[in-house]
Amino acid sequence: GAGVSQSPSNKVTEKGKDVELRCDPISGHTALYWYRQSLGQGLEFLIYFQGNSAPDKSGLPSDRFSAERTGGSVSTLTIQRTQQEDSAVYLCASSLGRTSGGGDTQYFGPGTRLTVL
Amino acid sequence: ILNVEQSPQSLHVQEGDSTNFTCSFPSSNFYALHWYRWETAKSPEALFVMTLNGDEKKKGRISATLNTKEGYSYLYIKGSQPEDSATYLCAFRNFNKFYFGSGTKLNVKP
């Protein structure tokens, strides 16, 4: 079946512009995560959606970052007034969403490489 | 912010060598420990999800152990092959959040 897809795969933008990154999770997965990996750093949690519950936004680095998930499926990560430090690979992952016991496997998309000039 | 550390940062081995790396994580509020393999230009791929202290998982030549009391997990690769070259990530799950280490980059020379 289809995996997690993300678009665009690469995005180059100028400082101060807004960007939107899209994630299509695996069908039937209720949990969706956004991460980013800056150069030389590990994966950094940004935001988590589970079904219709309020998202966990505690990882968003500033109020320039926001995300939404429409209809419990597609998610969009928006970065307003981009800065050079926003340059990173942004990864999306989805999972079935079973939280009991912790044994819930995440499936990652290919990522969007964002470069802010 | 929870600290998850992986060592070594990088590793160069010859084809056929066996190798192992370490993931250290907090020993409290443990939900699960995940291992991923991330090849260049591809998505991270789940290797193991470990939830119980003393867990041992195996997939082909790759295996992993878990010690939640002392907060570490080992990943072993037996008889490394060039196709094993990748970055191996561990992630500590605390409720709904995953805290990733920086990864161990493995390069297997033919």
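The rules behind each value
- Residues numbered from 1 in each chain as written.
- Chains lettered and ligands numbered in written order.
- Predicted model: local features only at pLDDT ≥ 70, side-chain atom pairs only at ≥ 80, totals over all residues.
- Heavy atoms only, no water.
- Helix = DSSP H or I, 4+ residues; strand = E, 2+ residues; numbered from the N terminus.
- Rg over C-alpha atoms; globule rule 2.2 N^0.38 Å.
- Buried < 20%, exposed > 50% of the residue type's maximum accessible area, 1.4 Å probe, protein only.
- Contact = heavy atoms within 4.5 Å.
- Lys, Arg positive; Asp, Glu negative; His and termini not counted.
- Charge placed at Lys NZ, Arg CZ, Asp CG, Glu CD.
- Areas by Shrake-Rupley, 256 points an atom, 1.4 Å probe, with all protein chains shown as cover.
- Phe/Tyr/Trp six-rings, centres within 6.5 Å; stacked < 30°, edge-to-face > 60°.
- Pairing = 2+ DSSP bridges.
- pLDDT = per-residue confidence, 0-100.
- Salt bridge = Lys/Arg side-chain N within 4 Å of Asp/Glu carboxyl O.
- Axes fitted to C-alpha atoms, helices over the stretch in contact; angles between N-to-C directions.

Asks: Help me understand the overall build of chain A in this model?
Replies: Helices and strands together make up the secondary structure of chain A, namely 0 helices and 10 strands. Ordered by position from N to C terminus, the α and β elements of chain A give β-β-β-β-β-β-β-β-β-β. Relative to its length of 117 residues, chain A is compact, with a C-alpha radius of gyration of 14 Å against a globular reference of 13 Å. When each of the 117 residues of chain A is scored for burial, the buried share is 49%. In chain A, of all internal contacts separated by at least 6 residues, the share reaching a separation of at least 24 is 56%. Between the averaged position of the 11 positive side-chain charges in chain A and that of its 11 negative side-chain charges there is a distance of 2 Å.

Asks: Can you walk me through the overall build of chain B in this structure?
Replies: Helices and strands together make up the secondary structure of chain B, namely 0 helices and 11 strands. Taking 13 Å as the expected radius of gyration for a compact globule of 110 residues, we find that chain B reaches 13 Å, a close match to that expectation. Out of the 110 residues in chain B, the part that is buried amounts to 49%. Across chain B, contacts joining residues at least 24 apart in sequence account for 53% of those joining residues at least 6 apart. Summed over its atoms, the accessible surface of chain B is roughly 5,500 Å², and 45% of this surface lies on carbon and sulfur atoms. The distance from the centre of the 12 positive side-chain charges to the centre of the 10 negative ones in chain B is 5 Å.

Asks: Help me understand the packing of aromatic side chains, please; the structure alone is not making it clear to me.
Replies: By convention here, two paired aromatic rings are described through the distance between centres and the angle between planes. Considering all chains together, one arrives at 16 aromatic pairs over all chains under this definition. Pairing Tyr35 of chain A with Phe100 of chain B gives two aromatic rings, centres 5.2 Å apart and planes at 85 degrees, and the pair type is edge-to-face. Remark: Phe100 of chain B occurs in strand β10 (residues 97-100) and Tyr35 of chain A occurs in strand β4 (residues 31-37); the pair is interchain, linking two chains. Of the two residues, Tyr35 of chain A and Phe100 of chain B, neither departs from the other in class, the shared state being buried. A ring pair is formed by Tyr72 of chain B and Tyr74 of chain B, whose centres lie 5.0 Å apart and whose planes are at 40 degrees; its orientation type is tilted.

Asks: Would you explain the pairing of strand β3 (residues 19-24) of chain B in this entry?
Replies: Across a regular strand the side chains alternate sides, sitting on one face of the sheet and then on the other. Residue and element names in this part refer to chain B. By the bridge criterion, 3 bridges tie strand β1 (residues 5-7) to β3 in an arrangement that is antiparallel. Note on β3: the bridge partner recorded for Glu5 is Ser24. Summarising the sheet, β3 and strand β8 (residues 72-77) pair through 6 bridges and their orientation is antiparallel. Across the sheet, residue Thr19 finds its bridge partner in β8, namely Ile77.

Asks: Is there a simple way to think about the confidence of the model for chain B in this case?
Replies: Any region with low pLDDT has predicted coordinates that should not be read closely. Scored by pLDDT, chain B has a mean of 93; 99% of the residues are at 70 or more. For chain B, the element scoring lowest by mean pLDDT is β10 of chain B, at 88; β8 of chain B scores highest, at 97.

Asks: Just checking my understanding: could you explain the pattern of salt bridges for this structure?
Replies: Pairing between side chains of opposite charge can happen when the charged atoms of each approach one another. As enumerated under the stated definition, the model contains 7 salt bridges over all chains in all. Across the salt bridge formed by Arg64 of chain A and Asp86 of chain A, the nearest N and O atoms sit 2.8 Å from each other. In this pair, Arg64 of chain A sits in the loop between β5 (44-50) and β6 (65-69) while Asp86 of chain A sits in the loop between β7 (75-79) and β8 (88-95), placing the two residues 22 residues apart along the sequence. Asp86 of chain A carries the same exposure label as Arg64 of chain A, and that label is buried. Across the salt bridge formed by Arg37 of chain B and Glu45 of chain B, the nearest N and O atoms sit 3.9 Å from each other. Residue classification places Arg37 of chain B among the buried positions, given a relative accessible area of 11%.

Asks: Whenever I open this one, the sheet that holds strand β3 (residues 19-24) of chain A confuses me. Can you help?
Replies: Pairing between sheet strands relies on hydrogen bonds along the backbone, with the strands arranged either parallel or antiparallel. Residues and elements named next belong to chain A. With antiparallel pairing, the 4 strands of this open sheet are ordered in space as β1-β3-β7-β6. Looking at strand neighbours, the two that pair on one side only are β1 (5-7) and β6, the edges of this open sheet. Ignoring which end each strand starts from, the neighbouring axes of this sheet average 15 degrees apart. Sheet analysis places β1 next to β3, joined by 3 bridges and oriented antiparallel. Following the sheet pairing, Gln6 is matched in β3 by Cys23.

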